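For reference, the chains in residue letters:
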Amino acid sequence: MTQQANSSLSVKIRIVLVNTSHPGNIGATARAMKNMGLSKLTLVQPKQFPSLDALNRAAGAIDILDYARVAYSLEEAVADCVWVAGTSARLRTIEWPIYEPRECVQQSLDFIDEGEVAIVFGRENSGLTNEELELCNALLHIPTNPEYSSLNVAAAVQVICYEYRLALVSDKARKSKGKKHRQDALARNEQLQGMHAHLKEALLSVDFFGTNNPDVIMRRLKGLFNRAATTQREVGIIRGICKAILEKK
Ligand code: SAH
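Here is a short report on the structure shown in this document.

Reading guide: rules and limits
- Residues numbered from 1 in each chain as written.
- Predicted model: local features only at pLDDT ≥ 70, side-chain atom pairs only at ≥ 80, totals over all residues.
- Heavy atoms only, no water.
- Disulfide = S-S within 2.5 Å.
- Buried < 20%, exposed > 50% of the residue type's maximum accessible area, 1.4 Å probe, protein only.
- Helix = DSSP H or I, 4+ residues; strand = E, 2+ residues; numbered from the N terminus.
- Expected span 1.5 Å × (residues − 1).
- Contact = heavy atoms within 4.5 Å.
- Phe/Tyr/Trp six-rings, centres within 6.5 Å; stacked < 30°, edge-to-face > 60°.

### Remarks on the state of the cysteines
Piece 1. Applying the stated criterion across every chain, the model contains zero disulfides.
Piece 2. Of the cysteine sulfurs around cysteine 104, a residue in no disulfide, the closest is that of cysteine 136, at 10.0 Å.
Piece 3. Taking the relative accessible area as the measure of exposure, cysteine 104 reaches 1% and is therefore buried.
Piece 4. Summary of cysteine pairing: cysteine 161 is not part of a disulfide, and the nearest cysteine sulfur, belonging to cysteine 104, is at 12 Å.

### A few points about helix α10 (residues 189-205)
Piece 1. The end-to-end C-alpha separation of α10 is 25 Å, in line with the 24 Å expected for 17 residues at 1.5 Å each.
Piece 2. Here α10 has its buried residues at Asn189, Leu192, Gln193, Met195, His196, His198, Leu199, Ala202 and Leu203.
Piece 3. Along its buried surface, α10 packs onto α5 (74-77), β4 (81-87), α11 (214-227) and α12 (232-248).
Piece 4. Just downstream of α10 lies aspartate 207, where phi reads positive at about 55°.

### Things to note about the side chain of glutamate 163
Piece 1. Along the polypeptide, glutamate 163 turns up in helix α8 (residues 153-170).
Piece 2. On the basis of relative accessible area, glutamate 163 is assigned to the buried category, the value being 10%.
Piece 3. Non-local contacts of glutamate 163, meaning those with residues more than four positions away in its chain, are made with Pro101, Arg102 and Val105.

### Brief notes about the packing of aromatic side chains
Aromatic ring pairs are reported here in terms of the distance separating the ring centres and the angle at which the planes meet.
Piece 1. Overall, the coordinates contain three aromatic pairs when judged by the stated rule.
Piece 2. Taking 6.4 Å as the distance between ring centres and 50° as the angle between the ring planes, the aromatic pair formed by tryptophan 83 and tyrosine 99 counts as tilted. Residue tryptophan 83 is located in strand β4, and its partner tyrosine 99 is located in strand β5 (residues 98-99); the two are separated by 16 residues in the primary sequence. Taken individually, tryptophan 83 and tyrosine 99 each receive the classification buried, so the pair is uniform in this respect.
Piece 3. Geometrically, the ring pair formed by phenylalanine 208 and phenylalanine 209 is edge-to-face, given 5.6 Å between the ring centres and 75° between the ring planes.
Piece 4. Residue classification places phenylalanine 208 among the partly exposed residues on the basis of a relative accessible area of 48%.
Piece 5. Residue classification places phenylalanine 209 among the buried positions, given a relative accessible area of 3%.

Given below as structure tokens:
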């Protein structure tokens, strides 16, 4: 493909690798990204980085590794994002929407005018934890052979980066849907997490959960806030309610 991808958009797309064990996979990820015109890589607690294996596998994509950001936690890695998808080799049961690659890319491009978006990839042996998936707005599953569903992590990155390439070169996915005209800014991931914690604290203080498991109820509420594409102003209102409840107690 000879066309240039839309580079002002591509810098707003973040690929996040969590706890990668094999540095070769970090290098292969950098190469997959550069081939497809993406450049922003964040590594959450990589087992080994920088590393010669990563450099070798990156071939000519060393600049991606040079500029890679290393984060202490997934929470920190996506704190400033307006939309985050977590990948999974298995179809999980949590209430998050599950997208295939093309729909996931289109969905993320719907939010990109309002901030950065991230796609998160898990550990080679165990993927992402449920807690990590709950930091995400949606799940992404590449429809592989159900009897052998798990791709190498860099191969999974390649599939997604290719979809971004197709979408950004044509810019069709975004234009066909038209922009969302939200009046208020979308909440950043860290604002949503702060709101969830505050809400749980307020609900616990009035014994709202009773015999129910608070985590199960909170997961449903998180799903609701994700679907609503919650804005910063709405976060402010919910937190105001929590504050009032806690003060009353
Ligand atoms: N045993 C792990 C597999 C991890 S594979 C598990 O069942 O979760 C390592 C990573 O590659 C995954 O965390 C995910 O980021 C990505 N990956 C592998 N296969 C995938 C698939 N079919 N769809 C989406 N992501 C996949």
